[in-house]
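Understanding the architecture of this molecule
As a plain string of letters, each chain reads:
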Amino acid sequence: MLDANHNLFNIRADDVLIDLLTDSGTSALSARQWAGIMEGDEAYAGSKSFYRFEQTVREITGLGHVIPTHQGRAAEKILFTIAGGEGKIVPNNTHFDTTRANIEMSGAEAVDLPVPEGVLPSSEGDFKGNIDLEALENLFRQKDQQNIPLGMLTVTNNANGGQPVSMENIRKMSELCHAHGIPLFLDACRFAENAYFIKLREPGYGDRSTREIAQEMFSYVDGCTMSAKKDGLVNIGGFLAVNDDDLAQKARNILVVTEGFPTYGGLAGHDLEAIAQGLEEVLEESYLKYRIRSVAYVGEKLSQLGVPIFRPPGGNAIYLDAKAFLHHIPPREYPGHALACELYLHGGIRSCEIGSVMFGKTDPLSGAFQPAKLELVRLAIPRRVYTQSHMDYVVECVGEVFDKRDTLKGMRIVSEPPVLRHFTARFEPL
Ligand code: F0G
């Protein structure tokens, strides 16, 4: 830990027993994905693999222009290079770190508008990932619409406990945005998990297939950014998909300079095959049932031990509520980071802080500290990788750390980069 400057991103994966750092790019590929990889067409322009990928994305999203990128943040970078800029505001239920960073790097402002219960870890609720429509309407009233290039919804809401967004919320946000002439985009990383929650929880959707539900979700939007490293079930890849011809043209112009020719983006032909196949498999209901149920299993076991978690269990992860877990450590001493480090030292489990290290701010001049809304530690579950026994071990370790929680101490940041500080900051225990 000393060599790693107490930053879990600096630990070698070989030195990790159970790696719950992220559910991004960590899926196990299926036999059919590997078979697709063997068949990948590596033609520079117009490869067969691109057309299969394009067709699959069009079928699910209904969006006309499909622009492959090497991962989600590349799609964000292209979108906000075009739509962002000084004076612009982009609302979202909750922006994830890279989305926020890409918006802010363009000079625009990223605004989070989660529903009030969405930031209360202990409250129950079916759709705690929803955007606060009243707050959104107020924003639209107060600001010049020219300055709101688009609205966004992140499904599921990864920075907010991996909580789903309801179909009603997507539809109403779409109506509201369109009434103001503002396009709506989905950050669609975990669209299939969100669709399955809608099937389970929203009246009227129990008998619909997850594919149909996903198609309806996309029917309300004008575009999406996607990291296929999540619900594309692949290790690398993403895309930007839009209906607007002019926007698509501008995006392709940037793509050629920064990623690659429009029929491969930043990817190999075989990556496009793997994504196309992954997007089919991720909507299989037997897969989704197992996925959502196995994450809930970890949450139930931890709740039985009295461990405070963000309720109810999300789609891609269990989020420990570090504020309640370590109530003796104030946000400015980064309780989430202290807990994540201890889980590694105690059980070789790597997790990820989603709290004041990731989203808090320290003014470099005055030293003034602005905490994040939540102090969470995410135990992200890679798709199709770990077994129930691995999860039982995780539950046992978290329980043991919970029993000795009073002995844990806070952390301090020794040095940090100007953006996305959690990846490379150096820490010291207090
Ligand atoms: N949007 C959301 C909601 C995400 O969770 C991520 C990535 C991205 C965009 C960016 O995608 O990594 O392909 O560039 N989240 C990962 C995580 C890193 O661990 O949650 P990317």
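Reading guide: rules and limits
- Residues numbered from 1 in each chain as written.
- Predicted model: local features only at pLDDT ≥ 70, side-chain atom pairs only at ≥ 80, totals over all residues.
- Heavy atoms only, no water.
- Disulfide = S-S within 2.5 Å.
- Buried < 20%, exposed > 50% of the residue type's maximum accessible area, 1.4 Å probe, protein only.
- Phe/Tyr/Trp six-rings, centres within 6.5 Å; stacked < 30°, edge-to-face > 60°.
- Helix = DSSP H or I, 4+ residues; strand = E, 2+ residues; numbered from the N terminus.
- Lys NZ or Arg CZ within 6 Å of the ring centre and 35° of its normal.
- Core = buried A, V, L, I, M, F, W, Y, C linked by side-chain atoms within 4.5 Å.
- Domains from an automatic or database assignment.
- Contact = heavy atoms within 4.5 Å.
- Near = heavy atom within 4 Å.
- Polar contact = N/O pair within 3.5 Å; in protein donor to acceptor, adjacent residues only side chain to side chain.
- Pairing = 2+ DSSP bridges.
- Axes fitted to C-alpha atoms, helices over the stretch in contact; angles between N-to-C directions.
- Right-handed = clockwise from strand over helix to strand, strands pointing away.
- Parallel < 35°, antiparallel > 145°, perpendicular 65-115°, else oblique.
- Nonpolar A, V, L, I, M, F, W, Y, C, P; charged D, E, K, R; others polar.
- Salt bridge = Lys/Arg side-chain N within 4 Å of Asp/Glu carboxyl O.

Let us now look at the state of the cysteines. All chains considered together, the criterion is met by 0 disulfides. Here cysteine 341 stays free of any disulfide, with the sulfur of cysteine 352 as its closest cysteine sulfur at 11 Å. Relative accessible area serves as the criterion here: at 4%, cysteine 341 is assigned to the buried category. Its sulfur unpaired, cysteine 397 is 15 Å from the next cysteine sulfur, which belongs to cysteine 341.

What follows concerns the packing of aromatic side chains. For any two aromatic rings, the description comes down to two numbers: the centre-to-centre distance and the angle of the planes. Across all of its chains, the model carries 9 aromatic pairs by this definition. Note on phenylalanine 9 and phenylalanine 423: the rings are 4.9 Å apart at their centroids and 70 degrees apart in plane angle, and the pair reads as edge-to-face. One end of the pair, phenylalanine 9, is in the segment before β1 (18-19); the other, phenylalanine 423, is in helix α15 (residues 421-424), and 414 residues separate them in sequence. The exposure class of phenylalanine 9 is partly exposed, given its relative accessible area of 31%. Ring centres of phenylalanine 50 and phenylalanine 53 lie 6.2 Å apart, and the angle between their planes is 50 degrees; this geometry places the pair in the tilted category. Pair noted here: phenylalanine 50 and phenylalanine 53 are both in helix α2 (residues 48-61), with a separation of 3 residues, about one helical turn. You'll find phenylalanine 50 and phenylalanine 53 in the same group, each marked buried. Here a set of aromatic residues connected by ring pairs shows up, and it is made of Phe50, Tyr51, Phe53 and Phe239. Residue placement shows arginine 405 over the ring face of phenylalanine 402; its charged tip is 3.8 Å from the ring centre.

Core analysis: the largest hydrophobic core is formed by 58 residues, its most contacted members being Phe191 and Met217. A per-element tally of this core places helix α7 (residues 191-201) first, with 6 residues. Three or more residues apiece are contributed to this core by two domains, here domain 1 (8-23 + 285-429) and domain 2 (31-281). When sequence neighbours within four positions are dropped, the list of residues in contact with methionine 217 reads Val155, Met167, Ile170, Leu186, Phe191, Asn194, Ala195 and Ile198.

What follows is about the site of the ligand. Around the ligand, 17 residues are found, and the nearest of them are Thr22, Arg73, Ser227, Lys230 and Arg378. One of the side-chain N or O atoms of arginine 190 is found 3.0 Å from an oxygen atom in the ligand. Between lysine 230 and the ligand, the recorded distance is 3.0 Å, taken from a side-chain N or O atom to a nitrogen atom. The biggest single contributor to the shell around the ligand is helix α3 (residues 72-83), with 3 residues.

Turning next to the sheet that holds strand β8 (residues 238-242). Reading across from one edge, β2-β8-β7-β6-β5 is the order of the 5 strands in this open sheet, with mixed pairing throughout. Because the sheet does not close on itself, it has two edges, and the strands there are β2 (65-69) and β5 (151-154). Each adjacent strand pair in this sheet contributes to an overall mean axis angle of 15 degrees, direction not counted. Where β5 meets strand β6 (residues 184-187), 4 bridges bridge the pair, whose relative direction is parallel. Paired with methionine 152 across the two strands is phenylalanine 185, which belongs to β6.

To continue, consider the pairing of strand β4 (residues 109-112). As paired elements, strand β3 (residues 89-92) and β4 share 4 bridges and run parallel to each other. When the sheet's bridge partners are listed, isoleucine 89 is paired in β4 with glutamate 109. Since β3 and β4 lie parallel, the crossover through helix α4 (residues 97-105) that links them has a hand, and here it is right-handed.

A few words now on unusual backbone geometry. Residue threonine 156 is reached from valine 155 by a cis peptide bond, and omega for that bond is -20 degrees. As for its position among the elements, threonine 156 is in the loop between β5 and α6 (167-179). Look at histidine 6: it is not a glycine, yet its phi comes out positive at around 55 degrees. Along the chain, histidine 6 turns up in the segment before β1. The backbone of leucine 420 sits at a positive phi, close to 45 degrees, despite the residue not being glycine.

Bringing the packing of α2 against helix α8 (residues 210-219) into the picture now. In a pair of packed helices, the angle between the axes and the distance between the axes together describe the arrangement. Contact geometry of α2 with α8 gives a least axis separation of 7 Å together with a crossing angle of 80 degrees. Between α2 and α8, the angle falls in the class roughly perpendicular. Residue-level inspection shows Glu59, Ile60 and Thr61 of α2 in contact with α8, the latter providing Arg211, Ala214, Gln215 and Phe218. Its residues assigned to classes, the contact of α2 with α8 shows 3 nonpolar, 2 polar and 2 charged.

Using the criterion set out here, one finds 27 salt bridges in the structure. One salt bridge in this structure joins aspartate 23 and arginine 378, with 4.0 Å as the shortest N-O distance. You can see aspartate 23 sitting in the loop between β1 and α1 (31-38) and its partner arginine 378 sitting in strand β14 (residues 376-380), a full 355 residues away along the chain. Take aspartate 23 and arginine 378: they sit in the same class, and that class is buried. Within the structure, one salt-bridge network assembled from shared partners comprises Asp23, Arg190, Glu193, Asp231, Arg291, Arg378 and Arg383.

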